[in-house]
Structure formats: structure tokens, C-alpha cells
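Notes for the structure review
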Amino acid sequence: MRQATGRALARAAYRPLAVSRAGPIPSAALSSALPRQSAPSLQAKRTFFNIFQKKKAPVFEEGSENKIILSQDNLFHKLSESPFEALRQKGERIRTYSICPESYEKYHEQVPVKYECPNCGFPSHASEERWVEGKAEHDEYCPRIREVNEDEHDIRSGRRISEFENMPGIQPYEQAVSLASWDSLFFTRGFVSINSPRAIRHVSKLMTYPITVLSVLHQNGPFTSSNGRITHEGRRSMAAIHSTIHSPPGTTIEGATDIRPMAPVRIFILGARAESTLPADLWLQVVHLFPTAQFNIFFIGPEAGIPIVNERKRQYLKMETEGSKYGFPTCEFNVNPQLKLTSIQATYQDVHNQLGPFDPYQDIFFAFSPGLGFPDQAPENKEEGQRQLVQAETSWRKPLQQILETKCGLFFTAFSPTDLARDVAAVYGTQPPTTGPNSPSEYPSSVRLPTTATPPIEGVTDEFELILTPGTNPFGSRKWEIAEWDIRVGVKTNWGIWGIRGKRYEVTNKGEEEEVEEE
Ligand SMILES: [Zn+2]
């Protein structure tokens, strides 16, 4: 069998395969938004933005109906027999990268998976015999792989993707929103078309990005000091941002337009990839809950793309290169008078100064699956016999230093408990997590995950306060992403979340009391 290097594997799985198939959005976006390790300064050499540029951007046409290819009672197919090329190719990659766990663990043989489990349809073992022998272990993972199989066939089935139709608009003030979970959000916001676990899985895979942002911003979000998620320091940060985006009590929608602040709230999304090419309208779900505030969402990263809009608007939307505002390819789009989306194709550190000054009352930062504790894959950071550097020390170091200096909130997500623990350990300089002896590793051994503590990073390790404690994100994707080198490994986009802010030694609250804070 071909043995792939860790780097190739990491790419295969963590670079979004993206819009590699032409098709109606959101189904194309749905099949693309894989979790990945991204650093804001990685150079994009391949993947999604490049692919995106070569092809005509997919069209998001509301209510467009496609030819029905699969009926709802015919969604399960072995990958090799799938009617969809993309899924047949997925099976092929698994056969290439993955070795039979039963053969390896019991017989110490490295043999590819050739046999497809009849229950989940994924290549799982070397042969039917080995599948029978390993069935008890495989049955732990089989149901979720089966779920993925049917979901992937469903999203390509050609049915009308009604989950994304009739999304709710501005929330009337008298109606309380519950941001406790996907289910309560959909119920209290009146998402009428989302009515099954599968619908929630499809929608949550895309909506995890805007709704995670919303859940952090909103004062009724799931993260509070009473449930221990928002720290003492975090309360101050969140109070600052809440005071800007929530309307004063007694405001009506009619009166709201009169009291819009001059400057928009700026949400910076670092190392942006798939999230920058979501349908633009999905981001309205953030601003609909803050009718008196204005927002500018920045997607910044070498692979930042153009949001998906309808065909009429699409002709006006492109990356401006000549004389662009920030000196890098930039695309600006006013979704409505309340929301502007700006994509900047640059490493964050190169545009930081142009974006300043920053204000913790107006500005907030997010990095989805940054992989802070993930080994840097660039060859120059792989010294023979030396400790493997992690991304917090390399591509993320400068952006972290810059953002901590702004004293604005900076929130990270992670796709699994170990991914989260690894990132947290990297910036704290503590021992990284190890995978239990009986559970499969999230990466092949060739990836060289860190095994020792990262030394203190200047300007980072001793310069931040925890504002949101590391833990689960109620608005992570509900959809499993199955690793192609080992189908026993499953992760979920934005599974976990945490947040930090630069340490404040001295602070003056806007127009309120003056405080001097010690370290
Ligand atoms: Zn199975």
C-alpha cells in the first residue's frame, strides 16, 4: 500500500476539500466545511480558494429544485457503489490511507482496508474475515459512520434543501430567544423548516460559524459566570461588548434606527477559509438579534474567499487586487444596511496595523480550529532530532501577540476534546494531552504530535487572562467528520470553545469608574 506522510494526511483531512464539485449551494458548502488546522499566516498553495477561483462560483438560488437522484428511502450505499463520484473517491482515499485495525492490532500486519462493512458502507477491514473478527470493536463506531453515509447521500440526493429556506428575520423584542442549544434556538427563533435530527446536522454544519459567534456575543448566550464558563475577567470583557450591541431597555424596532452607534462592531475571523464562503445571508442570523447595532465581519487569511450570494449580486462581487483598501486582495459586500462582510486575503499580522486602533467595546476576535498546539508542518520548523514546534510558536505567535495587546476578546474553537486540550496546553506551556492506549489517535503517528510542554512563548504565555473556560460549545456542528486515515476517528467542527484576552495592568472604563487592575 502507499504510505502517506503525516503531512499529506493532515492536508487530506484538514484542508477543506471545499467546493470541488460544482453544485447548488448550500449542498456544496455542506460537503466542504471540514474542520481543519489553520494558521493565519500559512501560505495557501492549493485547496479551496484556488479551486474556487478557477471554477465559476456556485450559485445560491433559493428554492431551486434539482433532479431527484436518490429517494429518501434509498440513502444508504456502500461508498464504492455510491451514485456520487465524490463519495466513491472518498472510499478510494480511505482504501489508500487507512490500514485494517484488526490486522494491525492482532496480527501486526499493515494491510489496507479493502472490505466495506455492510452496515456503514465504509471500507473498514482487510477482508470479510477480519471484519467478523473485529466486529465487536467496529460496532462502537459503526452507527455514526452509517449516519454520515446517509447524510452525505441525502445532501447530494437532489431533494430540495428546505432547511435553509424561510430563515427567520429580526427578532421582535418581546420574544425571548433561548441560546441554550440548537434545538432551543431553532424553536424560539422559529426556524420552521428544521424538523429532524438530520436537518439539524446539515444546518449546524454551516450555521456553527455564525451561531457560535452569536452565542458568545449575546447576553443570553450559553456562557455565563453562573455556569462557570465566563471567568471574573471575562465578565468585564463581555459587559463591554454587551453594552455596545444590546439596545437600551424599552427600545422599539421603530425607534432603533435612531440610536445606532456610529462605528460598527467589528468581528475579526482569523485564518478564515470555509466560513468566509458561506452564503452571506447566514451571517444575518447574527445581526438579527441586535437590531440597533451595525456589524462589519472581517474574514482574514490567505485562503479567505468570497461569500456566496445570488446570481444577480454575484457579478458585482470579486476580490479587488488593484489599489485595494488594505494592500491585499479584498472583497467587501454590504449584505444589508446593518451588516458588511469584508474578506481580506492576507496573513493577519500583515493587516493588523491598518485595522487599528482597536476597542474592546467594539472589536472581538474569533479563530475557528486554529490548531495552536498542532505541530507546524512547514519543513523549516522540523529540525532533525529537535522538539517539534507547534503553530502557537510559529505562524500564530505574532497574531496572538498583536491581538493580546488590543485587550479585545479572542475566542478559539476546537474539533474534539484532545484538540482543545492540545491548544490550551500550547499557550499555557503545560503538558499536552495524550490519547488513551485503547483509543485511536486523531492523527497518524507520522504527524508527531507534541509530547512535551511547549516552552513559554514571549508576549503570549504570561500575557493573557482566561475569559471563557475551555469546554463544549453547544453550537458546534452536530455532524461527524470521519478521518480518512482511520474511520474510527470522528470529530465535529467547533466541538469546543474557549477564550482569552490580553492581561490588563491598567484600564479606564469608558465613561464609568476608573479602575486600576493588578496582574
Ligand atoms: Zn460498519
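Before reading on, note that the structure itself is shown above.
Residues numbered from 1 in each chain as written. Predicted model: local features only at pLDDT ≥ 70, side-chain atom pairs only at ≥ 80, totals over all residues.

1. Section: the overall build of the protein chain
Here is the rule we go by: Only DSSP runs of H or I covering at least 4 residues are called helices, and only runs of E covering at least 2 are called strands; the numbering of each starts at the N terminus. Partly exposed residues are those whose C-beta has more than 12 but fewer than 20 other C-beta atoms within 10 Å; with 20 or more the residue is buried, with 12 or fewer it is exposed, and the C-beta atoms are placed from the backbone. Residue pairs are scored as contacts if the distance between their C-beta atoms, which are placed from the backbone, is within 7 Å.
The secondary structure content of the protein chain amounts to 16 helices and 14 strands. Counting all 519 residues of the protein chain, 48% fall into the buried class. By sequence separation, contacts in the protein chain at least 24 residues apart represent 73% of the contacts at least 6 residues apart.

2. Here's the deal with helix 4 (residues 85-97)
The criterion, for reference: One fewer than the residue count of a helix, multiplied by 1.5 Å, yields its expected span. The arc in question is formed by the directions pointing from the helix axis toward the C-beta atoms.
Taking 1.5 Å as the rise per residue, helix 4 with 13 residues should run 18 Å; its terminal C-alpha atoms sit 18 Å apart, in good agreement. Here helix 4 has its buried residues at Leu87, Lys90, Gly91, Ile94 and Tyr97. In an axial view of helix 4, the angular spread of the buried residues amounts to 140°, which keeps them on one side of the axis.

3. Digging into the environment of Thr208
Structurally, the position occupied by Thr208 is in helix 9 (residues 197-217). Separated by 67 residues in sequence, Thr208 and Glu275 have C-alpha atoms that sit 9.3 Å apart. Other than its neighbours up to four places away in sequence, Thr208 contacts Phe475, Gly476, Ser477, Thr493 and Asn494.

4. Regarding unusual backbone geometry
Residues Gly356 and Pro357 are joined by a peptide bond in cis, for which omega reads -5°. With respect to the secondary-structure elements, Pro357 resides in the loop between helix 14 (348-355) and strand 7 (363-367). Residues other than glycine seldom take positive phi values, yet Ser369 does so here, at roughly 45°. Structurally, Ser369 can be placed in the loop between strand 7 and helix 15 (397-406). The phi angle at Lys407 is positive, at roughly 65°, despite the residue not being glycine. By the element assignment, Lys407 lies in the loop between helix 15 and strand 8 (409-414).

5. Regarding the sheet that holds strand 3 (residues 265-270)
Strands pair in a sheet through their backbones, by hydrogen bonds, and they do so in one of two ways: parallel or antiparallel. For the record, the criterion: Think of it this way: DSSP has to see at least two bridges between two strands before they count as a pair. Angular values range over 0 to 180 degrees, each being the angle between N-to-C directions of two axes fitted as lines to C-alpha atoms, with helices fitted over their stretch in contact.
A sheet is described by the order of its strands in space; here eight strands give the open sequence 5-6-4-3-7-8-12-9, paired in mixed fashion. Of all the strands in the sheet, the pair left with one neighbour each is strand 5 (330-336) and strand 9 (464-472). In this sheet, neighbouring strand axes are inclined to one another by 15° on average, regardless of whether the strands run parallel or antiparallel. Across six bridges, strand 5 lies against strand 6 (residues 339-344) in antiparallel orientation.

6. What about the environment of Ala240?
In this fold, Ala240 is placed in helix 10 (residues 232-245). Residue contacts for Ala240: discarding those within four places in its chain leaves Pro360 and Tyr361.

7. Here we look at the nonpolar core
For clarity, the cut-off: Under the definition applied here, buried Ala, Val, Leu, Ile, Met, Phe, Trp, Tyr and Cys residues are grouped into a nonpolar core through C-beta atoms within 7 Å.
By size, the foremost hydrophobic cluster in this structure holds 111 residues, and its most contacted members are Ile267, Ile269, Ile300, Phe365 and Ala392. Examining the composition of this core, we find that 10 residues originate from one element, helix 9, more than from any other. Not counting residues up to four positions away in its chain, the partners in contact with Ile269 are Glu275, Ile297, Phe298, Phe299, Ile300 and Phe366.

8. Some points on the pairing of strand 8
In terms of residue burial, strand 8 counts as a mostly covered element, since six of its six residues are buried. Across four bridges, strand 7 lies against strand 8 in parallel orientation. Pairing of Ala367 across the sheet is with Phe412, part of strand 8. One ladder, built from five bridges, connects strand 8 with strand 12 (residues 496-502); its direction is antiparallel. Across the sheet, the residue bridging to Thr413 is Ile497, located in strand 12.

9. A closer look at helix 7 (residues 135-155)
Note the cut-off: Two axes are fitted around each residue, one to the seven residues ending there and one to the seven starting there, and the angle between them is reported as the bend at that residue.
Counted at 1.5 Å a residue, the expected span for helix 7 with its 21 residues is 30 Å, and the 29 Å between its end C-alpha atoms agrees. Largest kink in helix 7: about 45°, centred on Tyr141, with the proline Pro143 one to four residues after it. Turning to helix 7, its buried residues number three or more, namely His138, Tyr141, Cys142, Ile145, Val148, Asn149, Asp151, Glu152, His153, Asp154 and Ile155.

10. Description of the packing of helix 14 against helix 15
Convention followed: Oblique is the label for any angle not under 35 degrees, not over 145, and not in the 65 to 115 range, which are roughly parallel, roughly antiparallel and roughly perpendicular in turn. Working rule for handedness: look at the near helix, and if it is turned counterclockwise from the far one by less than a right angle, call the crossing left-handed; if clockwise, right-handed. When residues are grouped by polarity, Ala, Val, Leu, Ile, Met, Phe, Trp, Tyr, Cys and Pro land in nonpolar, Asp, Glu, Lys and Arg in charged, and all others, Gly among them, in polar.
Look at helix 14 against helix 15: their axes get within 9 Å of each other, and the N-to-C directions meet at 20°. Accordingly, the angle class assigned to the pair helix 14 and helix 15 is roughly parallel. Pair helix 14 / helix 15 crosses with left-handed handedness. When helix 14 is examined against helix 15, the residues Tyr348, Gln349 and His352 are found in contact with a partner set consisting of Lys398, Pro399 and Gln402. Residues that form the contact of helix 14 with helix 15 fall into these classes: two nonpolar, three polar and one charged.

11. Let's talk about the packing of helix 7 against helix 9
Running from N to C, helix 7 and helix 9 cross one another at 75°; their axes reach a closest spacing of 11 Å. One way to sum up the angle between helix 7 and helix 9 is to call them roughly perpendicular. When helix 7 is examined against helix 9, the residues Asp151, Asp154 and Ile155 are found in contact with a partner set consisting of Arg198, Arg201 and His202. Tallied by class, residues from the contact of helix 7 with helix 9 come to one nonpolar, one polar and four charged.

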